[in-house]
Amino acid sequence: MNTNEPNALVVEKISTAYDKANVLENVSLTAAPGKITCLLGSNGSGKTTLIRSILGLTPPNKGVIRFRGLDLRGLPTHRVIAAGIACIPEGRRVFAKFSVEENLRMGAYQETSDAEVRERLVRVYTAFPRLSERRTQLAGTLSGGEQAMVSIGRGLMRAPKLLLVDEPSLGLAPILVQENFNIIRRIREQGITIFLVEQNVHQTLAISDYGYVLSKGRVVAEGKPADLSKTKEVHEAYFG
Amino acid sequence: MDFGLFAQHTMNGLMLGMMYALVAVGFTLFFGVLDVIKFSHGDVLTVGAFTALATFVGLKSMGVASTTVELLAMLIAAIGAMAVLGAVIAKAFVLPLRAAPALNTLLITLMLGTVLREAVRLFYPDGANPKPFPRLLPAESVSIGNFNLRLDNTIMLAAGVLVIVGLQLMLNRTKLGLAIRAVAQDEETAKTMGVNFSAIVLITFAIGSALAAFAGLMNGLYYNEINFGIGLYLGVVGFSAAIIGGLGSIYGAILGGFMFAALQTIGAVALPFASAYKDVFAFAVVIVLMAWRPTGLIPEKLSERV
Ligand SMILES: Nc1ncnc2c1ncn2[C@@H]1O[C@H](COP(=O)(O)OP(=O)(O)O)[C@@H](O)[C@H]1O
Ligand SMILES: [Mg+2]
């Protein structure tokens, strides 16, 4: 992929560790603007760690992370977010003791204009009428599918240029999984760059423009979805 | 007991309860955002009370005679200085220790508290002895039967209520409050939403310490005397109150503060022996309560944490 694209997310040769041993080793990838780039990998391969590295929650010990020309590595998380990034985290992580609306407002935390926040709320409620019905309900009392909507809506409240999505289908009923993928496709249509981390190979490749495969903390394959689904690395990464 | 005496004890209990609650709320706020116990909290109260006293002495030496000006200046100086001190303590000693076991924070802030206390004792002029604290609020009183309702106490109670209501409004109605509550619930997700975590921690420590300064000033105005040990005692009581209330709940801390004061008052009045045992009685009840309800009276799931 073209790593010179100025508005891309570029990850170059990063290594990340929680304690001593590196969980990510020399990982490089690019998420092109306006496209869906996916990262496939089995449980424990380091997908979430990569997202945490980008967000500065678990900063890499070497390598470079750039977004729209800005060097993100070493920045505190709120400054990474300020670069126009939002994240729909693994396991949704809604604020259980906040109402649906408070959760959504948290998504727009860095937006200073009240009018803009209200406008975004209207947009999210239009996309998810169900959330509108439950706006005063505590998020902790919602069903799993509704919490997924809150988490996605919260990410959209940021009006991001780049959206990081970590295993949105995890723990959802199959019908909701398909709905989730449809939503992600629609978000891309708004021109938002998407970096999607998933275990769910077929549905993910079906909506992606480009993909990478992570295995034991290393990128072992990359390519266009059609090519990627045939490679032996994808099969090995999951079944090998 | 006749009405006058009962009312007198109730008023005294409410005054104590307000001070305890203000200190307890600080412990709860700190625990909420950072899951740490900051043991120097009580001594920050002492430094706040002495800052107010020093401001008073300074103004007097400059010839300021208006009690309103004096009181306002003392309030602003004590609250402002302790807010800064609280933020500095968080920045210098609490945040850097995040990766270390929680016990280390506890130990360091315990030592820091001793340093603050000893600094007051050694460096404040004649700081080892109790210092008279000026009576600055109107001293009138209204007699209701044989009960003397003092205006100064009423003003202090009302001010305390206003402070607590203000804190609640800030926490529940403002963006800053939303951020503080978000950090208390889930630090990482709050960061991921773009919250500047370190800034929120510093602000929270500043707010908690300002509340302690307010309680310290109240203590001085109520007893008309302060000494370098008041914060040590109020810190232990405030901490117990926060624990009884289920550490992490603001309502719990307030309830715990007033409950402790109620226990002391009951201990002083109803026990057959001298009132000197009121603390023994109150702390004994706390110990029993904690053995019975180890997580506090307000269970976490009912209380909205912070
Ligand atoms: N907080 C953590 N502390 C230590 N090790 C961790 C932590 N989180 C994940 N790991 C380890 O890092 C590796 C990659 O985990 P993760 O990035 O969560 O994988 P994935 O998201 O692909 O399932 C695993 O071996 C896991 O045990
Ligand atoms: Mg994961």
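1. Some thoughts on the overall build of chain A
The helix and strand inventory of chain A stands at 10 helices and 10 strands. What you see for chain A is a C-alpha radius of gyration of 17 Å, in line with the 18 Å of a compact globule of 240 residues. Each of the three principal axes of chain A carries a C-alpha extent, and together these read 45 × 35 × 35 Å. Counting every position in chain A, which comprises 240 residues, the buried fraction comes to 53%.

2. Looking at the environment of Gly44 of chain A
Residues and elements named next belong to chain A. Topologically, Gly44 is positioned in the loop between strand 3 (36-40) and helix 1 (47-55). For Gly44, a relative accessible area of 69% gives the class exposed. As a C-alpha pair, Gly44 and Lys216 span 172 residues in sequence and 7.4 Å in three-dimensional space.

3. Comments concerning the interface of chain A and chain B
Taken residue by residue, the interface counts 21 residues in chain A and 20 residues in chain B. Roughly 2,000 Å² of surface becomes buried between chain A and chain B when both sides are summed, with 59% attributable to carbon and sulfur atoms. A per-residue breakdown of the area chain A buries against chain B is headed by Phe95, Lys97 and Tyr109 of chain A, which together make up 34% of the total. Summed over the shared surface of chain A and chain B, the number is four salt bridges. For Arg93 of chain A, the salt bridge identified is with Glu188 of chain B, shortest N-O distance 3.5 Å. For the pair chain A and chain B, the interface holds 11 residue pairs in polar contact (both at pLDDT 80 or more). Only helix 1, helix 2 (77-82) and helix 3 (100-107) of chain A provide two or more residues apiece to the side of chain A that touches chain B. Top contributing element to the side of chain A that touches chain B by residue count: helix 3 of chain A, with four residues. The residue makeup of the side of chain A that touches chain B, split by class, is 10 nonpolar, four polar and seven charged.

4. Some points on the sheet that holds strand 5 (residues 70-71) of chain A
Residue and element names in this part refer to chain A. Spatially, 2-1-4-5 is the arrangement adopted by the four strands of the open sheet, whose pairing is antiparallel. Edge positions in the sheet fall to strand 2 (22-31) and strand 5, since each has one partner strand and no second. Alignment of strand 1 (residues 9-17) against strand 2, held across six bridges, turns out to be antiparallel. Looking across to strand 2, one finds that Ala17 is bridged to Asn22. On top of the sheet, helix 1 reaches strand 1, strand 2 and strand 4 (62-67); it is set at about 110° to strand 1, its chief contact.

5. What about the site of ligand 1?
All names here are of chain A. Ligand 1 sits among Tyr18, Val23, Ser42, Asn43, Gly44, Ser45, Gly46, Lys47, Thr48 and Thr49. A distance of 3.3 Å is found between an oxygen atom of ligand 1 and a backbone nitrogen or oxygen belonging to Ser45. In this structure, an oxygen atom belonging to ligand 1 sits 3.0 Å away from a main-chain N or O atom of Gly46. Look at ligand 1: alone it shows 560 Å² of surface, and the protein chains cover 59% of it. Among the elements that line the shell around ligand 1, the one with the most residues is helix 1, at three residues. When grouped by side-chain class, the residues that make up the shell around ligand 1 number two nonpolar, seven polar and one charged.

6. Regarding the sheet that holds strand 6 (residues 85-88) of chain A
Residues and elements named next belong to chain A. The sheet built from six strands is open, its strands ordered 6-7-8-3-9-10 with mixed pairing. Of all strands in the sheet, those with a lone pairing partner are strand 6 and strand 10 (218-223), marking the two edges. Across the sheet, the mean angle from the axis of one strand to that of its neighbour is 20°, orientation sign disregarded. As judged from the five bridges shared by strand 7 (residues 162-166) and strand 8 (residues 193-198), these two strands associate in the parallel manner. Bridge pairing in strand 8 links Val165 to Leu196. Contacting strand 3, strand 7 and strand 8, helix 7 (residues 174-189) crosses the sheet at an angle of about 155° to strand 8.

7. A look at the pairing of strand 3 of chain A
Regular strands place their side chains on alternate faces of the sheet. All names here are of chain A. The element strand 3 is extensively covered by neighbouring structure, given that five of its five residues are classed as buried. Two strands pair when backbone bridges link them, and strand 3 and strand 8 are joined in this way by five bridges, in the parallel orientation. Within the sheet, the bridge partner assigned to Cys38 lies in strand 8 and is Leu196. Relative to strand 9 (residues 210-215), strand 3 runs parallel, the two sharing four bridges. Among the inter-strand pairings, Cys38 is bridged to a residue of strand 9, identified as Gly211.

8. Thoughts on the domain arrangement of chain A
Residue and element names in this part refer to chain A. When cut into domains, chain A gives domain 1 (9-84 + 162-239) and domain 2 (99-159). The C-alpha centroid of domain 2 is placed 24 Å from the C-alpha centroid of domain 1. Domain 1 puts 11 residues into the contact, and the matching count from domain 2 is nine residues. Together, the buried faces of domain 1 and domain 2 total about 740 Å²; carbon and sulfur atoms form 73% of this surface. On the domain 1 side of the interface with domain 2, the three residues burying the most area are Ile81, Leu172 and Ile183, jointly 37% of the side's total. Between the two partners, domain 1 and domain 2, sit zero salt bridges. On the surface where domain 1 and domain 2 come into contact, there are three residue pairs in polar contact (both at pLDDT 80 or more). Elements supplying a minimum of two residues to the side of domain 1 that touches domain 2: helix 2 and helix 7. Tallying contributions element by element places helix 7 first for the side of domain 1 that touches domain 2, with four residues. Residue composition of the side of domain 1 that touches domain 2, grouped by class: eight nonpolar, three polar and no charged.

Analysis parameters
- Residue positions are counted from 1 within each chain, in the order its sequence is given.
- Naming scheme: in the order in which they are written, chains are lettered from A and ligands are numbered from 1.
- Predicted model: local features are reported for residues with pLDDT of at least 70 only, side-chain atom pairs are reported and counted for 80 or more only, and whole-chain, interface and lining totals are derived from all residues.
- Neither water nor hydrogens contribute to the side-chain values; these are computed over all heavy atoms in the structure.
- Note on conventions: DSSP H or I runs of at least 4 residues are helices, E runs of at least 2 residues are strands, and numbering of each starts at the N terminus.
- In this description the radius of gyration comes from C-alpha coordinates, and the expected globular size is given by 2.2 Å times residues to the power 0.38.
- Classification of residues uses two cut-offs on accessible area relative to the type maximum, computed with a 1.4 Å probe and protein chains only: under 20% is buried, over 50% is exposed, and between them is partly exposed.
- In what follows, residue pairs with any heavy atoms lying within 4.5 Å of each other are defined as contacts.
- Summed over both partners, the accessible area (1.4 Å probe) lost when two parts come together is defined as the buried area.
- When a carboxyl oxygen of Asp or Glu lies within 4 Å of a side-chain nitrogen of Lys or Arg, that pair is called a salt bridge.
- Contacts described as polar in this section are N or O atom pairs within 3.5 Å, which, within protein, must combine one atom able to donate a hydrogen with one able to accept it, while residues neighboring in sequence count only if both atoms come from side chains.
- Polar here means any residue outside two lists: the nonpolar Ala, Val, Leu, Ile, Met, Phe, Trp, Tyr, Cys and Pro, and the charged Asp, Glu, Lys and Arg; Gly therefore counts as polar.
- One bridge is not enough; two strands pair if DSSP finds at least two bridges between them.
- For every element, the axis is a line fit to its C-alpha atoms; helices are fit only across the contacting stretch, and the angle between N-to-C directions ranges from 0 to 180 degrees.
- Throughout, the term near means that a residue has one or more heavy atoms lying within 4 Å of the molecule or strand in question.
- All accessibility values rest on the Shrake-Rupley procedure with a 1.4 Å probe; residue burial counts only the protein chains present in the view.
- In this entry, domain limits derive from an automatic or database-based domain assignment.

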